Amino acid sequence: MWFLALAVGCIEGVGAPEGGPPRVEARPATQALGWVRQIATDGSTVAWSSYDFTKGTSDRATIDVMTLPSGARRELAEERHPPAQIAVHGGYVWWHYRDGGLKRVPVGGGEVERLVERLPAACFGIDDGGVYWFADADLFRFDPSTGTTTTLVRRVLGDCPVPLGDRVYWNERRGTYAVPRAGGEATLVADLKRPQGLVVHDGGLYACVDDVLTHIDPTSGEPRKVRSYCRPDGLAVTDTGHWFRVAYYEGWPAEEKWRVAEVTSSGVSWLYDGLGVSPVVVADGKVVWFGRPHDGPIEWSGYAVPLP
């Protein structure tokens, strides 16, 4: 059946709605040098990493930033490959490679610092208290001011740590858990079946649960359904909508394509459709992402459209 479906048309993720036309036309706000792997923001500065296809080589990637609304690209650092994750916090752009180093560079430019020699994690969380990650079923915190690494809790099955207030949260198969930022016992915050894509917005936690965006009160753990159709890949949340990227396949042989889904009280629409899409962030009152348009150049464009 899968083969026949591919042969005759298009396959999307299971349960994907038809989707409506875009609320607003997405126009390029900036330009990347190539395929954008990661994007992050602190609410005003947007950082991203991409291969530099303009040099005709495969061993040059850049860490770039722009400050909205100007959209002007500034290169901060050069690497051989794009990092596994990137973050903007405390006046720095941070990034890491799985089983590689944790690095940072000032947003305004300057020397790149290598803070942790080896960070064996898929992702990290960051706040004023430090950098957090899971490795070998333990949760660690690194303090950049002292250079020390502390074990916060052992024998947990977390994925990506999310600091909020005085606790660090994460998802497991049977719910959302937390531990004090200073370390201690892990506690079950919300009894949920396979929450995915934990993010913070306006002091609350949000995750996709059974394909529904769900608000999780960080204190009581009470879940509240917000809007239907939710995917964790590149999830961004505001009061008026949420966004994520969705892969689909079209034609024969099947060609992978990507969309940005926008979900509001009006329903689901496709904000963008192209050959590739980065994760989505919200900055300066805008929804921001990078994408490679159909029949466009190999370089990716950055898009910024007003929030609904």
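Residues numbered from 1 in each chain as written. Predicted model: local features only at pLDDT ≥ 70, side-chain atom pairs only at ≥ 80, totals over all residues. Heavy atoms only, no water.

1. What about the confidence of the model for the protein?
Okay, so step 1: Averaged over all residues, the pLDDT of the protein equals 91, while 94% of them reach at least 70.
Okay, so step 2: Between residues 1-14, whose pLDDT stays under 50, and residues either more than four places distant or in other chains, the model counts 26 contacts. (pLDDT = per-residue confidence, 0-100. Contact = heavy atoms within 4.5 Å.)

2. Quick notes on the state of the cysteines
Okay, so step 1: Under the definition given, this model contains 2 disulfides.
Okay, so step 2: Here Cys-123 pairs with Cys-160 through a disulfide, and the sulfurs are 1.9 Å apart. For the disulfide bridge between Cys-123 and Cys-160, the dihedral angle about the S-S bond is near -105°, and by the sign convention the bridge is left-handed. Here Cys-160 lies in the loop between strand 14 (148-153) and strand 15 (162-164) and Cys-123 lies in the loop between strand 10 (113-119) and strand 11 (125-127), a separation of 37 residues in the sequence.
Okay, so step 3: The buried category is assigned to Cys-123, whose relative accessible area is 9%. (Disulfide = S-S within 2.5 Å. Helix = DSSP H or I, 4+ residues; strand = E, 2+ residues; numbered from the N terminus. Buried < 20%, exposed > 50% of the residue type's maximum accessible area, 1.4 Å probe, protein only.)

3. Side note on the sheet that holds strand 6 (residues 74-79)
Okay, so step 1: Ordered in space as 3-4-5-6, the 4 strands form an open sheet in which the pairing is antiparallel. Strands with a single pairing partner mark the edges of an open sheet, and in this sheet they are strand 3 (36-41) and strand 6. Each strand of the sheet is rotated relative to its neighbour by a mean of 20°, with strand direction disregarded.
Okay, so step 2: Across 5 bridges, the pairing between strand 3 and strand 4 (residues 45-51) is antiparallel. By the bridge assignment, Thr-41 is partnered in strand 4 with Val-46. (Pairing = 2+ DSSP bridges. Axes fitted to C-alpha atoms, helices over the stretch in contact; angles between N-to-C directions.)

4. So, unusual backbone geometry
Okay, so step 1: In the segment running from Leu-68 into Pro-69, the intervening peptide bond is cis, with an omega of 10°.
Okay, so step 2: With respect to the element layout, Pro-69 can be found in the loop between strand 5 (61-67) and strand 6.
Okay, so step 3: The phi angle at Asp-136 is positive, at roughly 55°, despite the residue not being glycine.
Okay, so step 4: Looking at the secondary structure, you find Asp-136 in the loop between strand 12 (130-135) and strand 13 (138-143).
Okay, so step 5: You will see that Asp-211, though not glycine, has its phi angle at about 70°, which is positive.
Okay, so step 6: Within the secondary structure, Asp-211 sits in the loop between strand 20 (204-209) and strand 21 (212-216).
Okay, so step 7: Overall, the relative accessible area of 28% leaves Asp-211 in the partly exposed class.

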